[in-house]
Each structure stands twice: as C-alpha cells, then as structure tokens.
Amino acid sequence: MDRVSAFDEPLKKLLGGATAKVMAEHLDLHTVGDLLHHYPRRYEERGQLTALADLPLDEHVTVVAQVADARIAVFNNGRGKRLEVTLTDGSGRLQLVFFGHGVHKPHKELLPGRRAMFAGKVSVFNRRMQLAHPTYQLLDAADADEATEAVDAFAGRLLPIYPACKQLDSWRIAKAVDAVLPSARDAVDPLPESLREGRGFTPLPEALLKVHRPQTKADIADAKERLKWDEAFVLQVALARRRYADTQLPAVARRPVPDGLLDAFDAKLPFTLTEGQRKVTAEIFDDLATEHPMHRLLQGEVGSGKTMVALRAMLTVVDAGGQAAMLAPTEVLAQQHHRSVTEMMGELAEGGMLGGSDRGTKVVLLTGSMGVPARRQALLDLVTGEAGIVIGTHALIEDKVRFHDLGLVVVDEQHRFGVEQRDALRSKAHSQGERRSPHLLVMTATPIPRTVAMTVFGDLETSVLDQLPAGRSPIASHVVPAKDKPHFLARAWERVREEVENGHQAYVVCPRIGDDADEAAGEKKKGKKAGAPEDDGEKRPPLAVLEIAEELRRGALAGLRIEVLHGRMHPDDKDGVMRRFAAGQVDVLVATTVIEVGVNVPNATAMVIMDADRFGVSQLHQLRGRVGRGSAPGLCLLVSEAHEASPARARLGAVAATLDGFELSRIDLEQRREGDVLGQAQSGVRSSLRMLTVIDDEEVIAAAREEAVAIVAADPELEHLPELRTALDALLDKDREEYLDKG
C-alpha cells in the first residue's frame, strides 16, 4: 500500500460496517487518517501495582488480589441492588462495590477463589477502604507467564480516554485505534526535514504511536508538541500562500496627491491625530502605494478613531483618481457613517467631479430601502465617477451597481459581514479594461487576541489602534445582582434619572424585541412557571425591549422621554429615533444590540444592560463603548439574575473589572475556547485544530507563522515539498479552501 493511500483507506475495510457507520455519523471519522488524528482527550493512570495494606486514599490504583467473598445486598425495599466483593492479597483486605445494572457481569465472574487485577480510585465508606465500580481483568490463565504478562500490560499503563459518543464509548474507540495503528508508520510527514531536525521534533509516525499508546508522560508531551506544530504550521502555510497569491494580483497604486482633498480635509480638522492614528495611517498609505491590493485588518477599541483613519485613506484614493466604498452591516450604521463622514468633510463632500480639490467630491449613500429616484441618481453618480465616496450596505454588491474606478473597499465590522459579499465587491473593480482588485481595509472594534488574528484573519496584515483620542472619558462598570438585591436595581434606575436630570441621556439594552405575537405566546407557555423560586432566571424568556420600555414609562422612569429602537422597525423609523436621540430630544433609548456598533451620541453617559449574562463578553464591551464618548464620565450597569457563584456572574465581574478590550477578548476566548471564535462559517479551520488551542499556544502559532512565511517566500508552489503539499490538500478540502480564499 503506498504512503498516501494507507491514510485514505476507508474505516469500514478495517473495522467492519457497523462501527465505521457510527464513527462516520457521530464523530465525523471516515478514513484511517481521520481516526489516527482523533487524539485522546486525557489519560487515565491505572497506577502501579499496590499492596492492599498500602493503599493511598483518593488515588487511582491497580491491585492484584483474590476474591474472598461476594454477596448481593438489597436496599430501598428491594428496588436497589448492590454487589459487595471482598478481596485479599495476604497483606490486607479491600471492599469492591458495584451498583444497579453493573452488578450482573461481576456477580457471575468474581467468584470466591478467583484471582484478578482491579483498577479504580480508592475511597472510604463506613470507615472501610473501597473501590466503587472498578475495571478488572481476570488472571486465571492456565500459564503463569501469560498471567504475569497480563499484569505487566495492565498495571502502570496510561489509558487513553477518547472523545466518544453515546453510540461508541472510549474503550471501543481505543480498540479501533489498535486496529489502524500499524498504518501510523505510513504517515506522510508535512514538516520539511530541516525544520523538523532544527527544532528537534519527534518524527510523525512516532508521535502518532506515542499519543495513542504512551508508555510515559514524557511520551505524551513529546507527541503533543509535535502534533500541535503540524496543525499550526500547515494552517499558517495555507494562509501564507493566500497572502502570497494576493501580492501577485494587480492593483492600481494610489499615492497621496499634494494640495488635494486630503490636505484640504486635514487643514479643517479641529484636533491633531493620535500617535497611533499616524502610525496606522502610514502603514495603510504604504500599502495603497503598491501595485498589488492591500489586505489589512484595522483593529481598534470603540472610539479609537478608526473611521477617521479609514476616511483619510478614502480621500487619498479619491485624490489619486479612484473611488472608495464603505460597507456597513446595517442600514442604521450605513446612514450613521454617511452622516458622520459628510459632517467631518463639510463642503468637501459636496464636490462636482472627483479629484477636484477646490470643490471636493460627492459622498453618496446607497441602501436597500432608498426611494427609486434617489437610488437611480446614486447609481449614476457611481458609474460616471461623479461620486468619489459611496457608503452603503450589501446593496452595494448587487449586479446593477457599477463603478467608474473602484480603488478601495472599507468593510466595517468584518465578523458581521459575509466573506462572499466582500469578495463580490472586490470583483467589481475594473480599470482600463483590465480586471484589477481594489485595495481592502477591514475595520473591527472587537479586540482580537493576536493568536486569533493570526489564525482567523491570517490572510490580512493587522494594524492596531490602541490609544483613545484625547477627550474620551473613563467608564465605570458595576454588576447589579437583581435577584439577590432588588434594591440595587431600584438604585440603578435612580442613577439613570440623575444622569437625565444633569442634562445627559441613557441607553437601556435588552436581549429581545418582544413584538411578535407568536413569539410572545410561545414565551408565555415556557414562562408559565416563572413564579417557581429555584433557578427560574434560566427558564424565563429574556427580557424584551417593548415590555421593559412600557414598565419604565409606567414606573421607575415615568415622566422621562423614552423611545425604543430595534432591528424590525422600518429603516426610516429607526433613523428618526436615532436622529431624535442624537439631537437630545429623547432621554432614554430602550434598544436591542442594534446600538452595538457605530452609534455615536457623546451626550449619552449611562447604560443599563438587562439580562447582561445573556450577552458575550466582547458584546458587552462593545455595548459599553457607546457611553462616555464625550467629556462626562460614563456609567455601565450590568443587571443579572445569575447566581453569585455561577460562571455567568464571573464573566460579568471580568467585564466590570477592566476596560481593556484585548484583556477581555482573552478572557472570552478562554471561557468559550476557540469554537465560537472561529465560528461556524469558518468550520474548516476549526475542524483542523484538534490538538492546538488558539488561546494557549500563542508561541507555537507565532513560530509556525514565521517558518511558513519563509518557506512560501522561497517556494510558493511547494514544488520541493510534496509531503507538505499533500498535508495542505488534506486540510484544504473544498469548503476550507473557499473559507481561506475569502478570509
């Protein structure tokens, strides 16, 4: 059998149809290679053989002993059965106990006089040492050598415990692994020899044997180190090739033009840029000046001035004769961006032809709900080049939208924006009849730990804005335990009233809208037992915007001007509410998370987040960033009914304790692990990470990225590394290839 096909062999050939079917359906394991990469989750130590007289408490032990007696005890009026077995080994005695359905087999096998080996954890019951439900192996072999061999094989072994499912438990998976383990010697090693030897890694076949059947703990550590590297390295090579391919695409270089729109805009700015903004701008301008497309991720805390950096990049492209498009995830945001960009630009946003520094350029808005005449005019401005800047939602990507010369695409909040959409927009760029890619800048206000940026966004170069502009105020955050201390919630509403009386405004955020009659009926059914005292916080439906707004109007905030905002409102209504709130005509805005990104009202100083434990850490941080945007300090109150000792409360405590988004994103990742971070759309990458954990293995990922970049630079097609190409093909099946393609 050749080296590649050994791993490609279907499991049903080696294991039989029934087992293979369960593995395929429940564990997504189809081939020998899949099963060999299904690593143990942990290892059970059976312990060295121990004399009964020396048994340590609370430890896993293995003993060889003889059955002295065995009896069935009945309890609970005959409804329960317990098998009690007494062992002796000449040094002492030990009790074994088996309950319920587990008594039948040992009752038949563990007869007085029989010798066996037993493994389990030592506990004390009624002042006697015992093992509950131990595993055992009978040793009544005809031949004494065979019995000794069985003892040696059983004692002191590290037993692998595999990720299993209801239909297939760990020991049956271990048996299946035994059947395919000989194929491990046919493993194709993806690491180039020089790299493997330079870093002193165990060869891959040996690593696979060690991870599945370790003799010592050192074997496990060796194997893990090697297998983590493989995962990190192959993924980083895929991303490095992606970045390399991008550098080979043609794009039009867009260099700053003196005395153009950018200079005119800078001259109007009432403040100076922060050091961070200047540094990031230099990185972006360098990318724009090259003849291959920029692919850059701009990370920055809420309010760190990302929009300003993006706008200056857009003006540079307009100066250089191109057009810039900014994509926002929602209409509310697109309208908001359009409003803030036109406000920042003033008369420069009312220009005639693009490139005319004296008269600026046109900034148009394009969303799905625009009226026909306005839409027709916007499309015309784009195709003629009259509009240098367009801001919109995914409506920008529709087939009928044509650009004169699209030079830069800015995408706001990447994690909410489909990668296909980003690609479709990129493919719209035409220049002098040639297909050329526009430059791409992706902005996110979600702080992403460095390791995640290197894996999830590994095809993008990263810039980080980590300074807040002058004039931003600190935000105080507190957890309000509404269930344990209801008077704290009453005080929270008093605080909101105080802020409003001081001339400020407030947000109240709820997880649900509560406008759908069917939804409400369904929730009522679920919530019928809401009077039940224990843990109804979990059972009741999440609090809803419309209900809370009504309660506040009638109760704690009666007399204040309260309005609601949520995603199912008509875009014009949403925009109207936001305009009134921004103009100070609304005191309290009760909203869903539609306010999470991009909403900028400097006069809003307080935020109350209801059922805060139902939001993720990063989302809470994003929401909190909506207050304290002016000169007055911000206040964020996280209301929760979660129990004080629960993980949900610990999460809220972490959010209240720090304003550092990167620290919080790390906590978030540690709690959720990387499954959610890599996300469903990116399941390709996730399913390839079995040993590597994005949060713990930062050094491995960084080192693997460095090696991958060097290898791809020297041999982009990997012509001299056929084994690495094979490993890449295995990682990048069609879906994953597409995921990486689109970033």
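Here the structure is a predicted model, which means the values were calculated and not measured. (Residues numbered from 1 in each chain as written. Predicted model: local features only at pLDDT ≥ 70, side-chain atom pairs only at ≥ 80, totals over all residues. Heavy atoms only, no water.)

## Describing the side chain of Q95
Rules: Each helix is a run of H or I in the DSSP string that is no shorter than four residues. Each strand is a run of E no shorter than two, and both are numbered from the N terminus. Between two residues, a contact is recorded if the distance between any of their heavy atoms is within 4.5 Å.
Take Q95: it is sitting in strand β4 (residues 93–99). Non-local contacts of Q95, meaning those with residues more than four positions away in its chain, are made with E84, V85, R128, M129, Q130 and L131.

## Comments concerning the packing of helix α14 (residues 331–345) against helix α22 (residues 571–582)
Counted only if it meets this: As a rule, the C-alpha atoms of each element are fitted with a line to give its axis, helices using only the stretch in contact, and angles between N-to-C directions run from 0 to 180 degrees. Should an angle fall under 35 degrees it is called roughly parallel, over 145 degrees roughly antiparallel, and 65 to 115 degrees roughly perpendicular, with every other angle called oblique. Two helices crossing with the near one rotated counterclockwise from the far one by less than a right angle form a left-handed crossing, whereas a clockwise rotation gives a right-handed crossing. Residues are grouped as follows: Ala, Val, Leu, Ile, Met, Phe, Trp, Tyr, Cys and Pro are nonpolar; Asp, Glu, Lys and Arg are charged; every other residue, Gly included, is polar.
Across the interface, α14 lies against α22 with an axial gap of 10 Å and an inter-helix angle of 50 degrees. Our classification of the angle between α14 and α22 gives oblique. Where α14 crosses over α22, the two elements pack in a sense that is right-handed. Contacts from E331, V332, Q335, Q336 and R339 in α14 reach P571, K574, D575, M578 and R579 in α22. Here the contact of α14 with α22 is composed, by residue class, of three nonpolar, two polar and five charged.

## Here we look at the sheet that holds strand β12 (residues 387–392)
Put simply, the rule is: Strand pairing requires that DSSP identify at least two bridges connecting the strands.
Ordered by their spatial adjacency, seven strands build an open sheet running β11-β12-β10-β13-β16-β9-β17, and the pairing between neighbours is parallel. If you trace the sheet from one side to the other, it starts and ends with β11 (362–366) and β17 (461–465), each paired once. For this sheet, the mean angle separating the axes of adjacent strands, direction not counted, is 20 degrees. With five bridges joining them, β11 and β12 adopt parallel strand pairing. Bridge assignment links V364 to a residue of β12, and that residue is V390. Those strands touched by helix α12 (residues 275–288) are β9 (295–300), β13 (406–412), β16 (439–444) and β17, and its axis lies near 155 degrees from that of β17. Docked against the sheet, α14 engages β10 (323–327), β11, β12 and β13, running at close to 170 degrees with respect to β11.

## Quick word on a nonpolar patch on the surface
To keep it simple, the criterion reads: Only residues whose relative accessible area exceeds 30% and that form no salt bridge are eligible for patches; like-charged ones are grouped when within 9 Å, while nonpolar side chains (Val, Leu, Ile, Met, Phe, Trp, Tyr) are grouped when within 5 Å. Surface exposure here means Shrake-Rupley accessible area, sampled with a 1.4 Å probe, where a residue is shielded only by the protein chains that are shown. In the sections that follow, a salt bridge refers to a side-chain nitrogen of Lys or Arg positioned within 4 Å of a carboxyl oxygen of Asp or Glu.
Where nonpolar side chains cluster on the molecular surface, the patch consists of L57, V124 and M129 and spans about 240 Å² of accessible area. Of note, M129 is situated in strand β6 (residues 128–132).

## Focus: the confidence of the model for the protein
Basically, it comes down to this: The predictor reports its confidence for every residue as pLDDT, a score running from 0 up to 100.
The predicted model of the protein has a mean per-residue pLDDT of 79, with 80% of residues at 70 or higher. Mean pLDDT across the elements of the protein ranges from a minimum in helix α26 (residues 674–678), with 39, to a maximum in strand β19 (residues 505–509), with 94. Low pLDDT, under 50, characterises residues 353–357; the predicted model gives this stretch 16 contacts beyond four residues in sequence or across chains. Scored below 50 in pLDDT, residues 520–538 makes 13 contacts in the model with residues more than four places away or belonging to other chains.

## Here's the deal with the sheet that holds strand β20 (residues 562–565)
Read from one edge of the open sheet, six strands run β18-β23-β22-β19-β21-β20, paired in parallel fashion. Lying at the two open borders of the sheet, with one neighbouring strand each, are β18 (475–481) and β20. Put simply, the sheet's adjacent strands are angled 20 degrees from each other on average, direction ignored. Pairing between β19 and strand β22 (residues 604–609): five bridges, direction parallel. Bridge pairing links V508 to V608 in β22. Relative to the sheet, α22 contacts β19, β20, β21 (588–591) and β22, its axis offset from that of β20 by approximately 140 degrees.

## Some thoughts on the environment of Q248
Its location among the elements puts Q248 in helix α10 (residues 217–248). Separated by 45 residues in the primary sequence, Q248 and P293 place their C-alpha atoms 8.7 Å from one another.

## A look at the nonpolar core
Condition: Here, the term nonpolar core denotes a set of buried Ala, Val, Leu, Ile, Met, Phe, Trp, Tyr and Cys residues that are joined through side-chain atoms within 4.5 Å. Working definition: with a 1.4 Å probe on protein chains only, accessible area under 20% of the residue-type maximum means buried, over 50% means exposed, and in between means partly exposed.
If you look at the biggest cluster of nonpolar residues, it comprises 34 residues, and the most contacted ones within it are I284, M345, I389 and L408. Elements with a contribution of two residues or more to this core: α11 (261–268), α12, α13 (306–319), β10, α14, β12, β13 and β16.

## Remarks on unusual backbone geometry
Within the chain, D259 stands out as a residue other than glycine whose phi angle is a positive 60 degrees. Inspection of the secondary structure assignment puts D259 in the loop between α10 and α11.

## As for the pairing of β20
To be explicit about the condition: Whether a crossover is right-handed comes down to one check: with the strands pointing away from the viewer, does the path from the first strand over the helix to the second run clockwise; if it does, it is right-handed.
As defined by bridge partners, β20 adjoins β21 across four bridges and the pair is classed as parallel. By the bridge assignment, I562 is partnered in β21 with V588. In this view, the connection linking β20 to its parallel neighbour β21 by way of α22 has right-handed handedness.

## Some words on the pattern of salt bridges
Pairing between side chains of opposite charge can happen when their charged atoms approach one another. For the structure shown, the criterion picks out 34 salt bridges. For E347, the salt bridge identified is with K268, shortest N-O distance 3.7 Å. Highlighted residues: E347 in the loop between α14 and β11 and K268 in helix α11, separated in sequence by 79 residues. Of the residues examined, E347 reaches a relative accessible area of 51% and is grouped as exposed. Note that E499 and R495 form a salt bridge whose closest N and O atoms lie 3.3 Å from each other. Remark: R495 and E499 occur in helix α18 (residues 486–501); sequence separation between them is four residues, near one turn of the helix. Relative accessible area serves as the criterion here: at 10%, E499 is assigned to the buried category. Linked by salt bridges that have partners in common, R491, E494, R495, E498 and E499 make up one network.

## A short note on the packing of α10 against helix α28 (residues 698–714)
Taken N-terminus to C-terminus, the directions of α10 and α28 make an angle of 45 degrees; their axes are 8 Å apart at the nearest point. As judged from the angle between their axes, α10 and α28 are oblique. As for how α10 packs across α28, the hand of that crossing is right-handed. The residues of α28 that touch α10, namely those facing K228, W229, A232, F233, Q236, V237, A240, R241, R243 and Y244, are V700, I701, A703, A704, R705, E707, A708, V709, I711 and V712. A class-by-class count of the residues in the contact of α10 with α28 yields 14 nonpolar, one polar and five charged.

## Description of the side chain of R226
Relative to the helices and strands, R226 resides in helix α10. A relative accessible area of 0% means that R226 is categorised as buried. Other than its neighbours up to four places away in sequence, R226 contacts D189, P190, L191, R196, F201, T202, P203, L204 and A207.

## Here's the deal with the environment of A374
One can find A374 in helix α15 (residues 372–384). Here A374 falls in the partly exposed class, since its relative accessible area comes to 41%. The spacing of A374 and V364 is 10 residues in sequence and 9.7 Å in space, taken between C-alpha atoms.

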